[in-house]
There are 2 protein chains.
Amino acid sequence: MRNRQQLQCRPLSGSSGGGLHYRPIYACLLLPAATLSATAQSTIPILAAKESYVSESALAMVPMPTHATLGNGRFLFDKGFDMVFVGYTEPRLERARLRFLETFSRKTGMRHWPHETGLPQIVVATKAASAPVQQVGEDESYQLEVTPAKILLSAANPLGALRGLQTILQLIHTTAEGFVIPSMTIEDKPRFPWRGLMIDTGRHFMTPEVIRQTLDGMETVKLNVLHWHLTDDQGYRVESKVFPRLQGKGSDDLFYTQEEIRRIIDYARDRGIRVMPEFEMPSHASSWFVGYPELGDSTGPYRMKRELGQPWDRPRIAAEDSSMDPTRESTYAFLDRFVGEMSTLFPDSYFHIGGDAEDALIEWKTNPRMKQYMAAHGMKETGDLLIYFNRRVQKLIAMHGKSMMGWDEVLQSDTPKSVAIQSWRGLDSLAKAAGSGHLAVLSWGYYLDLNEPASRHYLVDPLDQAAGALLETERANILGGEAAMWSEYVTAETIGGRLWPRAAAVAERLWSPRNVNDAYSMYRRLDTTAQNLTYSGVPYLAVRQSDYARLMGASLPAAFMVLASVVEPPRGYPRGGNRAYDVYTPLNRLSDIVPAESDLGRDFRQTAQRIAARKGSREDLRRSRAWMIDWRDNDAVLQPSLRKSALTMELVPLSQNLNRVALIGLAALDLLENRKLAPPGWKSEQLETLKALSAQHAELTLAIIPGVEALLSAIQT
Amino acid sequence: MRNRQQLQCRPLSGSSGGGLHYRPIYACLLLPAATLSATAQSTIPILAAKESYVSESALAMVPMPTHATLGNGRFLFDKGFDMVFVGYTEPRLERARLRFLETFSRKTGMRHWPHETGLPQIVVATKAASAPVQQVGEDESYQLEVTPAKILLSAANPLGALRGLQTILQLIHTTAEGFVIPSMTIEDKPRFPWRGLMIDTGRHFMTPEVIRQTLDGMETVKLNVLHWHLTDDQGYRVESKVFPRLQGKGSDDLFYTQEEIRRIIDYARDRGIRVMPEFEMPSHASSWFVGYPELGDSTGPYRMKRELGQPWDRPRIAAEDSSMDPTRESTYAFLDRFVGEMSTLFPDSYFHIGGDAEDALIEWKTNPRMKQYMAAHGMKETGDLLIYFNRRVQKLIAMHGKSMMGWDEVLQSDTPKSVAIQSWRGLDSLAKAAGSGHLAVLSWGYYLDLNEPASRHYLVDPLDQAAGALLETERANILGGEAAMWSEYVTAETIGGRLWPRAAAVAERLWSPRNVNDAYSMYRRLDTTAQNLTYSGVPYLAVRQSDYARLMGASLPAAFMVLASVVEPPRGYPRGGNRAYDVYTPLNRLSDIVPAESDLGRDFRQTAQRIAARKGSREDLRRSRAWMIDWRDNDAVLQPSLRKSALTMELVPLSQNLNRVALIGLAALDLLENRKLAPPGWKSEQLETLKALSAQHAELTLAIIPGVEALLSAIQT
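Conventions used here
Residues numbered from 1 in each chain as written. Chains lettered and ligands numbered in written order. Predicted model: local features only at pLDDT ≥ 70, side-chain atom pairs only at ≥ 80, totals over all residues. Heavy atoms only, no water. Contact = heavy atoms within 4.5 Å. Buried area = accessible area lost by both parts, 1.4 Å probe. Salt bridge = Lys/Arg side-chain N within 4 Å of Asp/Glu carboxyl O. Polar contact = N/O pair within 3.5 Å; in protein donor to acceptor, adjacent residues only side chain to side chain. Helix = DSSP H or I, 4+ residues; strand = E, 2+ residues; numbered from the N terminus. Nonpolar A, V, L, I, M, F, W, Y, C, P; charged D, E, K, R; others polar. Axes fitted to C-alpha atoms, helices over the stretch in contact; angles between N-to-C directions. Parallel < 35°, antiparallel > 145°, perpendicular 65-115°, else oblique. Left-handed = near helix turned anticlockwise from the far one by under 90°. Least-squares fit on C-alpha atoms with pLDDT ≥ 70 in both. Buried < 20%, exposed > 50% of the residue type's maximum accessible area, 1.4 Å probe, protein only.

Draft legend 1. Looking closely at the interface of chain B and chain A. On the side of chain A, 44 residues touch chain B, which itself brings 44 residues to the contact. Surface buried jointly by chain B and chain A totals about 3000 Å² across both partners, of which 62% is contributed by carbon and sulfur atoms. For chain B, the biggest contributors to the area lost against chain A are Trp113(B), Arg550(B) and Tyr584(B); these three give 19% of the whole. Our count for the chain B to chain A interface comes out at zero salt bridges. Linking chain B to chain A there are 15 residue pairs in polar contact (both at pLDDT 80 or more). Contributing elements (two or more residues each) for the side of chain B that touches chain A: α3 (91-108), α18 (519-535) and α19 (540-550) of chain B. With five residues, α18(B) is the single largest residue contributor to the side of chain B that touches chain A. Classifying every residue of the side of chain B that touches chain A by side-chain character gives 19 nonpolar, 14 polar and 11 charged.

Draft legend 2. Fine view of the packing of helix α18 (residues 519-535) of chain A against α19(B). Between α18(A) and α19(B), whose axes approach to 11 Å, the crossing angle comes to 130°. By the angle between their directions, the pair α18(A) and α19(B) is classed as oblique. Considering only the axes of α18(A) and α19(B), their crossing is left-handed. Counting all contacts with α18(A), which are made through Gln531(A), Thr534(A) and Tyr535(A), the residues of α19(B) involved are Ser546(B), Ala549(B) and Arg550(B).

Draft legend 3. Spatial organisation of the relation of the copies chain B and chain A. Once chain B has been moved 0.0 Å along the axis and rotated by 180°, it coincides with chain A to within an RMSD of 0.1 Å. Overall, the copies show the geometry of a two-fold rotation axis. No C-alpha of chain B lies nearer the rotation axis than that of Ala542(B), which sits 2.6 Å from it. Taken together, the interface assignments show that 100% of the residues at the interface of chain B recur at the interface of chain A, consistent with an identical surface on both copies.

Draft legend 4. Local environment of the side chain of Ser240(A). All names here are of chain A. Tracing the backbone through its elements, the reader meets Ser-240 in the loop between β11 (235-236) and α6 (245-250). In this structure the side chain of Ser-240 is engaged in a polar contact, spanning 3.3 Å, whose partner is the backbone nitrogen of Val-242. Filtering out sequence-adjacent residues up to four positions away, Ser-240 remains in contact with Leu-246, Gln-247, Gln-258, Glu-341 and Met-342.

Draft legend 5. How the structure looks around the environment of Leu101(A). Residue and element names in this part refer to chain A. When you line up the elements, Leu-101 lands in helix α3 (residues 91-108). Put simply, Leu-101 and Pro-114 are 13 residues apart on the chain and 12 Å apart in space, counted from C-alpha to C-alpha. Look past the residues within four positions of Leu-101 in its chain and what remains in contact with it is Phe-81, Met-83 and His-112.

Draft legend 6. Highlighting the pattern of salt bridges. All names here are of chain A. Evaluation of the coordinates by the stated rule reveals 84 salt bridges over all chains. In this structure, Lys-305 and Asp-233 form a salt bridge, with 3.4 Å as the shortest nitrogen-oxygen distance. Of the two residues, Lys-305 sits in the loop between α8 (286-291) and α9 (329-345) while Asp-233 sits in the loop between β10 (231-232) and β11, which places them 72 residues apart along the sequence. Each member of the pair, Lys-305 as well as Asp-233, is classed as buried. In this structure, Arg-262 and Glu-259 form a salt bridge, with 3.7 Å as the shortest nitrogen-oxygen distance. One end of the pair is Arg-262 and the other is Glu-259, both in helix α7 (residues 258-270) and three residues apart, which spans about a single turn.

As C-alpha cells, this is what we get:
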C-alpha cells in the first residue's frame, strides 16, 4: 500500500502540531502556488542582495549552494581555457573531466581545444580518495572560487569535485560578452547525506539506457542514491545465476543481466551515486513464484500479474496476490542463497526488502497452514508472522554484511536498530522511526508519480513538524529523503517527462539550506535546469516532442500545442479507476505525455489572482485577455483534426470545454475591467458551469480553470 | 576543387542540348519552386487516381515505390499483431525484426507484445541469402501485399526484406480507427543500384555515433552506399596499425579505431548499406605528412592545416598544401602496404582514392625534383605526372583485389576501364565517363552542403541531358548517384540538421521512377519523413531544438523562433569569404543551426506568387497578411533579448530588416487587394530597398524577400 500515498487524505494524526498550514492536507487540497510566496524568505546572501536580477540569473542553478558571494568581473569561456586536475587523482576524475567537457560543448557549442598558451584555467584540486564503495555521509562539500583568470574548485575527495563540476556547468550562461560565470565564491555542502530517487522497474521495465539517463539527471542536480525497485508482481528484473527461473519465468525477458547491472553501478559511481537494490518481500513478489512456486503461500498455479492500478477496484486473485510463505524453512534457505548472490552483485551497504505485506496479511488470516504455524509458535495475529519473517530476513541480510532497509511496515517494536526505515506514511512516521533509534529517510511528500506540482514537493521538509519534537541526536537519524516514481503509468519512454524537472525540486530541498524555499524562484530556476538536463544527456524534452508528433501524424497543428499546454493529468490515482490498465496498455495518449504540471496554467492562475486582488498590472490584463482569446478560438481550428486520429478523438470534449472556460473567463475579465456588477445569479451559475467543466476527459483536466475561478471570485454581484 | 561546385556558375558546355531549362544554370539562379510544378507529371497509378487525398496520405513515404495499387480495407495495428519470418533466415533478419519493432514502438507508442492468439500477421518471406559482402547491383526488390488480416512482404534476399520493412514502417499512419496501413499491393525496386551518401569526416570529425545515426537515416530512405571520406588536410581519421603515426600525428586524436570501423561496417551491413572508404591522394593529404614527411612533395616541416573555407581567399601555404610525392618509389611502397591494410579492414569491392590534384598541379610545376623526374621520363606537363601516379596507385589497388574509384580528375584517356568515376563536374562529365566505358556515379547536383533547396537536388537526374545521347549499353554504366556533405561548416552536432531531410529527396530521385517528380508532393512527404527519421533514431530535430535554446539561454522567446523560421544560410560558399573559419571556430550560431531551406519562406513565396498571378484565394490573402503582420511586429519584441547574448547580438540588423521587408510587403498587398496603382517611382524604389535588405547579416539572408518581390512585381504603376 505504500505506493498509494494519496489515500492519506485525512489530516495526519499529530501533524497539526507544527509547520505550515497546508501540510496536513498535503495530498488533498489544491493550494495556489501564489500563496506559497507568503512563506518564502530567501535568505541566501546573494539572493537577498539588491542586484537581485543579476544575482538570480548568475545563480540560475538547482540546487542552490549553501553560501555564495558575488565578486567583480567574470570568467569568460569563449576564448578557450585550460582544465587541470591537481592533488589526488583517479580514473574516475579523468572520466569526469571528459564528461564535463562534453556537457560544456553541448551547452555552449564550443569545443574545448586549448591550442594557445596563457589561457584562463579551470583547476580542480582534490585532496584524497573517497571510500571504495560509496558510503552514506561521505564528505560531498566543495569550494569554488571564480575569478576572471581562474576557476578553482577544491574538494576533500572526488565526490566533492563531482558536485562542484556540476555547479560550474550550471553556472555557465550566455551574456552579451559570451559564455561566462561571474566572479564569485561558493562554499557548498549538502544538508542531508541521503538524497535519493526511487525508480520502479518492476511494473514497467526501464531499459539500461533510461537508467543511465536517469543517473545523468541525478548527477546534474546532485542526487546521490539510486533506489532501484527491481521486483514486483508484474516482473522480476535481475538475472540470477543461482535461481535462473526467476528471470527466466518471471520477467517476460525484460530484465537486467548481471553484466548490465555492474556497468550501471560503475556508471553511478562515476557520478557519485550509490545504487541500492530493492527486492520486494514478502508481498509484491508473485513474479518470483512463477519460476519457484515453492516460495509462495498459496497453492498456485502462479502466473504473472498483468493488472495495474488500484487492487481495491477488483476482486483479489489468489495466485497473483500471493506472498512468500514465512512458515517454511525452505523459504529462508532460498532467500539466504539469493541475498548472498545479490549482496555480491550490489556493493552498497544497504539492502532494501520493501517489506510491504498487504496481501500477506489477508492470505495468512485464512490459510490453514499459516494458522497452524502461528498456533504452534504462539503467534496471535498475522502481524506476528510478519514480524517473524522480517526478523529472519534481517538476520540473513546481516549475515551477508548488509544493513536492511524497508518501508514503514518493517518498523515494529523490536525491530533491530540497524534496520533503516523509509517513510511513505508521513512526517510522524518518519519522526517515530528516528525517535526510536532508526536511521530514516522521507519519501512521503516526494511521490512524483502523483502528478503534483513541483512546489508541493519543494515545501515538504524532512525536519518539519514531528521532527521538531525530537532530540538533536534523534533528529540526526533523519538522513534525508527520496523522490519516488512508481511505474504503473510511465514507461521507459515517458518516465523522463514525469521525473524531470520536478525531481530537481526535491533535490534542492534535500541539498540546499532550509530557508531556500521561494517557490517562484524555484520555478524560474527549474526552467534553466530543464535545458541543462538536455545538455547533460537527459532527452526528456525531445522525447516528449516526438511523442506529441505521434498523436496526429507529422503535421501537428499549432492549435494542438495550445490545448496541450493547458491540460494536466489528474493528480493522485484516479486513472486506474476510470479505465482498466494492464501491462499491455499502450501509454501513448496525451495524458501520458503532457508534463504533470502546466506551466501556463500556473502562470495564468497567478496572473488572475493578482487581477482578482486588484493588483494586476496593465500587462497582466493584456496577457490574460490574449491567452483567453487564444483559448476561446482554438477549438474551431483544432476540432476537425482531432477527429482524424484515434489517439486524439477523445480530446474533442476537452477542446470544446477549453472554449467554454475561456468564454466565461473573458466575460469575467470584461466585468472586472469595467468595474461592473454581474447580473444576479450569474456568478454562481458560472461557477457551477466551471465545476462541470472541471470533469476529466481523456484522463486530463483543464489547468486554467482555477485562474478563471479566481477572476470570478473577484466579481461583485 | 571538386568540393567547390558552386563555382560552376557558367552554363556548362553542351548542357543546353537537353533537359529542362533550369539545369544549365542549376547552381546560380534562384528558381522559384512554384515554376517546378509545370514540369511535374505524377504518373504513378496510385497518385493519378481520383482519390488523390487518400492516396497521398496513404503513401506518405520517401522514396515512392515503383508500383502501388490500393485495395479495400486496412491492416489495423492497434489490436496487436504477430510477426513471423519464413523461408531463408539469418541473424541479420532477426536483428532487423527487433529494429522494426523498436521503430514501430517509437512511431506508435505501442509495444509489440503478442499475448493473444489469432492476431493479424506480418509475414516476411525471404528466398535466399545475399552476397557475403554486399555488391553493387544486388537484387533489392520486394513485394508487399497488405490486407486486413495479413501483411505479406516477399523478397528474393535479405536486402529486399530490409527495404520492404522500411516501407511498412513508413506506411503506418494514424487514423480515426487507429494506426493502419490501407490494403494495397506494392511492387518495388530501385531505379539505380548505387544510391550513396558521402560524409566528410576529414575536415570535422564525425563521431561513430553520428555515423551510426546517419546509417539509420540512410536505411529509412533506402540509400545503400556510405561513402566515407576519411582523410583530408585537416585530419587523418583511421587507425593504421602498420603506420601508427598517421593517426598518432595526423588526427588530433580524433580518429576511428579499427574495432570501431568494423562495428560500423557490421552496422551498415545490417541495414543493407555498403561502406566505401575514401583516402584522398595525391592532394588533400597533408595530415599524412605530419607523421610521415617522406610522403610529401615539399621540404616540410609539415603541420596540420587548420584553415577551412576557400583556399583562393588566402595565400598558399607550401607545407600544408603539399601533395604526395609521385616521383619516389618509397611513396608506392608505403601506399602498397597501406592499401593492403585498409583493403582488409574495409571489405567493399571499391576503394576510393579521391584523386583531387589541385595542389599537386601547382607545386609540381615549380618543384625542381618533379621537373627533373618529368624530363627523365618524357613527361611534358604535371598532368602527365598525375596520370602516372594514378596508374601506379590503380595497379596496387587492383593487386589488393579492389576496384579503384575516383572523382572526375582520375578520368584520363588511358585510365583503365575498371576505374569507376564519381562526377562532381556535371552531367556531361558523367556521360563522358559512361560513354568511354567507365562505371559512373553522379554527385553534381547533389551537394547538400551548398544549402540549396531540396527541390533543386530532386530534379537533377543522372540520365538527363548528355546521357540521352548515349547508347543503351553506355547508359547502363551510369550506376546512380551520391549526395555529398563536405564538412567545412558542419560538425558532428550540426550535420544531421543539414543532411536531413534533404538527403531523402536525392534518395527518392535515385530509387523511384523518373516520372515521380512533383516537387510539391515531395515536400509534403518530406515533412512526414522528417518525423519518421526521428522514430528511426536520427535525432536531428531534437538536436536543433537544443541548439536553438543555447543561443539565448533557456528562455528562448517565441519571437526568436519567428525570426529563425524565415532565415536561411547563404547558398554556395560565401561563408568562408566573410569570415575566417578554421577547425577551432565554434559552429554554434544561428546560421549553423537553421535548416538549409526555410519551409515558411517557400510557403510564403508560393502564396505570394499565386496572389501576384491573380490566382490567390481568400485564404492566401489572409495568411500572407497575418504572416507579414507577425514579421512586422516581431523586431520590437525580440530586439532587447537579442542584445543580451553574444551569439544573437549579430542578429540585430537581420531582425530590423525583417520588419522593413514586412512593411514593404504589407504596402504591396494593400495596393494589390485594393487594385490601386503605385505612385510613380515607388515600385522601383521598393525593389531597390529590398535588394539592399537582401544583404547577408550574421551569414543569413531573409527567405521571405522573394515572396515580397513577387507581390511587388504584380503592382501596376
